[in-house]
Amino acid sequence: MEFNYSAFCHRGASYKVEYSVLPTGVELLTVIFTPPEPLNTPPVVFIPGLASIIENFRETVVELTRNHTVYYIETREKKSAKINRKHRFSVEDVTSDIVHFTEQEFTDHSRYVIAGYSLGATAIAEAFPQMSNKPEGIVLIEPNSSFPFHGWLLFLARAARVIYYPIKPLLKWYLRHFRINLEEDYEMYLINCRILDSADPVRLGRAIRHLSTYRMEGCLEKISVPTLVIVASKDRFHSHDEGTDIAGRISNSHCLDLTDNKRTHSAEMGRIISDFISSPEQIPSQANLPLRDIS
């Protein structure tokens, strides 16, 4: 049965679901949200993070669909993607998918803005120099310049097909006690639990192995459009230093600290993206904006 995305629509917004068939042979699930009263603004291409699911971004997507067309793209490591055994899950491969998608969807100099989280943000940065039709602006939310998966995690990733479900409770225990500060960033724990509960074990295991050798080099200096980089200083899961360094290496960028993942995955984040689209050169130093009804 087809998944119902009504819960991710602002009141009066609509959606349609389709598969984007790419030259690489990958088919990516794409949800296109249409607002009730579109503004004269470019659509937003939205790329989630590694194995993340749309439930993690509900408030953000609902707020964006108030006024913007949104292309929500599920990347190739997710269950929804149609792939074959030869397809890999490196940053280069995810980047290639983004480049092909934008070239197919936005032709003849069509306008668009692109936003992504974590792996999605990293792949956007890598994709920009390769895009023939550049976006008008970029939003990189908690981007990574590396994915330091190593040691026991790489060992477990190789055996994910067999051991994933038996050890999933142990992985959640590890996150609670050693990886995430529950008092300061409880939302990050909930986000990762949803990811672990919904991930394809084999694809996630392969993605961890393929991403572990990645190091960002050279793409940031080639980004020539206004860019907003979002970091979260209380997030121990992503490197705050990497995020601020990425912002510092992009010539026309703003960096905004939203403190924790409750805020980076909230309606507030949707409003910040919307404000950036309207005035990319004027980003508030604080994002303590009043909450609005998102139903």
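In what follows, the structure referred to is the one given above.
Only a predicted model underlies this, so the values are computations on that prediction, with no experimental measurement involved. (Residues numbered from 1 in each chain as written. Predicted model: local features only at pLDDT ≥ 70, side-chain atom pairs only at ≥ 80, totals over all residues. Heavy atoms only, no water.)

Describe the pattern of salt bridges, with residues and values.
Taken as a whole and assessed by the stated rule, the structure comprises 13 salt bridges. A salt bridge links D97 to R76; the nearest nitrogen and oxygen atoms lie 2.7 Å apart. Within this pair, whereas D97 is found in helix α2 (residues 91-105), its partner R76 is found in the loop between β4 (70-73) and α2, the two being separated by 21 residues in sequence. Residue D97 is classed as buried on the basis of its relative accessible area of 4%. Residue R76 is classed as buried on the basis of its relative accessible area of 2%. (Salt bridge = Lys/Arg side-chain N within 4 Å of Asp/Glu carboxyl O. Helix = DSSP H or I, 4+ residues; strand = E, 2+ residues; numbered from the N terminus. Buried < 20%, exposed > 50% of the residue type's maximum accessible area, 1.4 Å probe, protein only.)

Could you give me a rundown of the side chain of T102, with the residues and numbers involved?
Relative to the helices and strands, T102 is located in helix α2. Given a relative accessible area of 2%, T102 falls into the buried group. There is a polar contact of 3.0 Å between the side chain of T102 and the backbone oxygen of V99. Residues in contact with T102, not counting those within four places in the same chain, are Y112 and M131. (Polar contact = N/O pair within 3.5 Å; in protein donor to acceptor, adjacent residues only side chain to side chain. Contact = heavy atoms within 4.5 Å.)

For a nonpolar patch on the surface, give the residues involved together with the corresponding values.
On the surface, L170, W173 and F178 cluster together into a nonpolar patch covering about 330 Å² of accessible area. Within the element layout of this structure, L170 appears in helix α5 (residues 160-179). (Patch = residues over 30% accessible without salt bridge, like charges linked within 9 Å, V, L, I, M, F, W, Y side chains within 5 Å. Areas by Shrake-Rupley, 256 points an atom, 1.4 Å probe, with all protein chains shown as cover.)

Describe the side chain of K78, naming the residues involved and giving the relevant values.
Along the chain, the position of K78 falls in the loop between β4 and α2. Exposure remark for K78: the relative accessible area of 5% places this residue in the buried category. Here the side chain of K78 touches T75 through a polar contact of 2.6 Å, side chain to side chain. Every residue in contact with K78, bar those within four places of it in the chain, is listed here: P48, G49, A51, S52 and R203.

Account for the packing of α2 against helix α3 (residues 119-127), with residues named and values stated.
For any two helices packed against each other, one specifies the crossing angle of their axes together with the interaxial distance. Interhelical geometry of α2 versus α3 gives an angle of 70° and a closest axis separation of 8 Å. As far as their axial angle goes, α3 and α2 are roughly perpendicular. As for how α2 packs across α3, the hand of that crossing is right-handed. Judged by residue contacts, V91, V94, T95, I98 and V99 of α2 engage L119, G120, T122, A123, I124, E126 and A127 from α3. Within the contact of α2 with α3, the residues separate by chemical class into 8 nonpolar, 3 polar and 1 charged. (Axes fitted to C-alpha atoms, helices over the stretch in contact; angles between N-to-C directions. Parallel < 35°, antiparallel > 145°, perpendicular 65-115°, else oblique. Left-handed = near helix turned anticlockwise from the far one by under 90°. Nonpolar A, V, L, I, M, F, W, Y, C, P; charged D, E, K, R; others polar.)

Help me get a handle on the packing of α5 against helix α7 (residues 201-211), residues and values and all.
In contact at an axis separation of 9 Å, α5 and α7 are set at 105° when each is read in the N-to-C sense. As far as their axial angle goes, α7 and α5 are roughly perpendicular. Residue-level contacts link A160, R161, Y164 and Y165 of α5 to P201, V202, L204 and G205 of α7. For the contact of α5 with α7, the residue count by class is 6 nonpolar, 1 polar and 1 charged.

Before we move on, could you go through the packing of aromatic side chains and cite the residues and values that matter?
What describes a pair of aromatic rings is the distance from one ring centre to the other and the angle between the planes of the rings. Under the definition given, this model contains 20 aromatic pairs. Here the aromatic rings of F106 and Y112 are separated by 4.4 Å at their centres, their planes lie at 15°, and the arrangement is stacked. Chaining the aromatic ring pairs together yields one cluster made of F3, Y5, F8, Y15 and F33. The residue whose ring lies beneath K134 is F128, and the NZ or CZ to ring-centre distance is 4.6 Å. (Phe/Tyr/Trp six-rings, centres within 6.5 Å; stacked < 30°, edge-to-face > 60°. Lys NZ or Arg CZ within 6 Å of the ring centre and 35° of its normal.)

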